[in-house]
Amino acid sequence: MEIFGLFAGLAIIGILLAIFFFLLGIVKWLLQGYFLFRVAEKKNLDIPLLGFVPFGTFYLGGQMYDGHITERGQFNPKTIGLVFAIVGIVIYIMGLSIGDIAISYVLMESIAFLGIFKAYTKNLGVAALLALLNFVTAGIAAIIILFLYNRKLEEDAFGIIDETGEADKSI
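Note that the structure is predicted; figures quoted are calculated from it, not measured. (Residues numbered from 1 in each chain as written. Predicted model: local features only at pLDDT ≥ 70, side-chain atom pairs only at ≥ 80, totals over all residues. Heavy atoms only, no water.)

K.L.:
Provide a residue-level description of the overall build of the protein, including the pertinent values.
P.N.:
Looking only at helices and strands, the protein has 7 helices and 2 strands in total. Overall, the protein shows an N-to-C arrangement of helices and strands of α-α-α-α-α-α-α-β-β. Buried residues in the protein amount to 35% of all 171 residues. Within the protein, residue pairs in contact and separated by at least 24 positions form 55% of the contacts whose partners lie at least 6 positions apart. Looking at the protein as shown, the accessible area adds up to about 10,500 Å², and 74% of this sits on carbon and sulfur atoms. (Helix = DSSP H or I, 4+ residues; strand = E, 2+ residues; numbered from the N terminus. Buried < 20%, exposed > 50% of the residue type's maximum accessible area, 1.4 Å probe, protein only. Contact = heavy atoms within 4.5 Å. Areas by Shrake-Rupley, 256 points an atom, 1.4 Å probe, with all protein chains shown as cover.)

K.L.:
Describe helix 1 (residues 2-42), with residues and values.
P.N.:
The α-helix winds at 3.6 residues per turn, so residues separated by three or four positions along the chain end up facing the same way. Here helix 1 is 41 residues long and its end C-alpha atoms lie 60 Å apart, about the 60 Å a rise of 1.5 Å per residue gives. Buried within helix 1 we find K28, Q32, G33, F35, L36, F37, V39 and A40. Immediately beyond the C-terminal end of helix 1, within one or two residues, lies N44, with a positive phi of roughly 55°. (Expected span 1.5 Å × (residues − 1).)

K.L.:
Residues and numbers for the packing of helix 5 (residues 114-121) against helix 7 (residues 140-158), please.
P.N.:
Where helix 5 meets helix 7, the axes come as close as 10 Å, and the angle between the chain directions of the two elements is 45°. Between helix 5 and helix 7, the angle is such that the two are oblique. Relative to helix 7, the crossing made by helix 5 is left-handed. Every residue of helix 7 that contacts helix 5 at I116, F117, A119 and Y120 is listed here: A142, I145, L146, L148, Y149 and K152. A per-class count over the contact of helix 5 with helix 7 returns 9 nonpolar, no polar and 1 charged. (Axes fitted to C-alpha atoms, helices over the stretch in contact; angles between N-to-C directions. Parallel < 35°, antiparallel > 145°, perpendicular 65-115°, else oblique. Left-handed = near helix turned anticlockwise from the far one by under 90°. Nonpolar A, V, L, I, M, F, W, Y, C, P; charged D, E, K, R; others polar.)

Shown next as C-alpha cells:
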C-alpha cells in the first residue's frame, strides 16, 4: 500500500508541474504577443494582430528583416514573413515528439526575431547573441527585448533622439 501512496504523490506533483508550466506558457504567450503587437503597430508591419497567433509571430519577425538583415527593398517584407511562417509550420508538422516540436518552435522563433533584435541593437553580432539567448531561455529573452524595443520606439516618437541617445523634449 505504501507504493500506491508514493505513485499517487508523484502523480499529483506531475499534474501540478504540468499546470504550472501551462500557466507559465500562457503568460509568456500573452506578454510576447502584446509587445510584438505594439512593436508591429509602431513599425507599420502588415497585420500586427498576428503577434498573438503562434506562427503569425514568424510572419511579423520576418517582415523586420527588411532593412535590418537584408537590404531595404531587396525582398518584399510580406514575402519574407510568409516564408518564415510556412517554414515554421512545416518544421512544426515534421516534429517527432513534443520536445522536438517545442525546441524547433523556439529555434525558429529565435531566427525569425533576429530582424527585431537587429533593429533594436543596430549590431548583427549582438542580435545573433540575443537570438541565442532567446533560444536558451525558451523565448523569455524575446519578451524582454520586445518590451525594451517598444519603450525605445515610444521615446523616439515623443522626442528627437540625439547622438548620445538622450531624447530632446524641448522641441
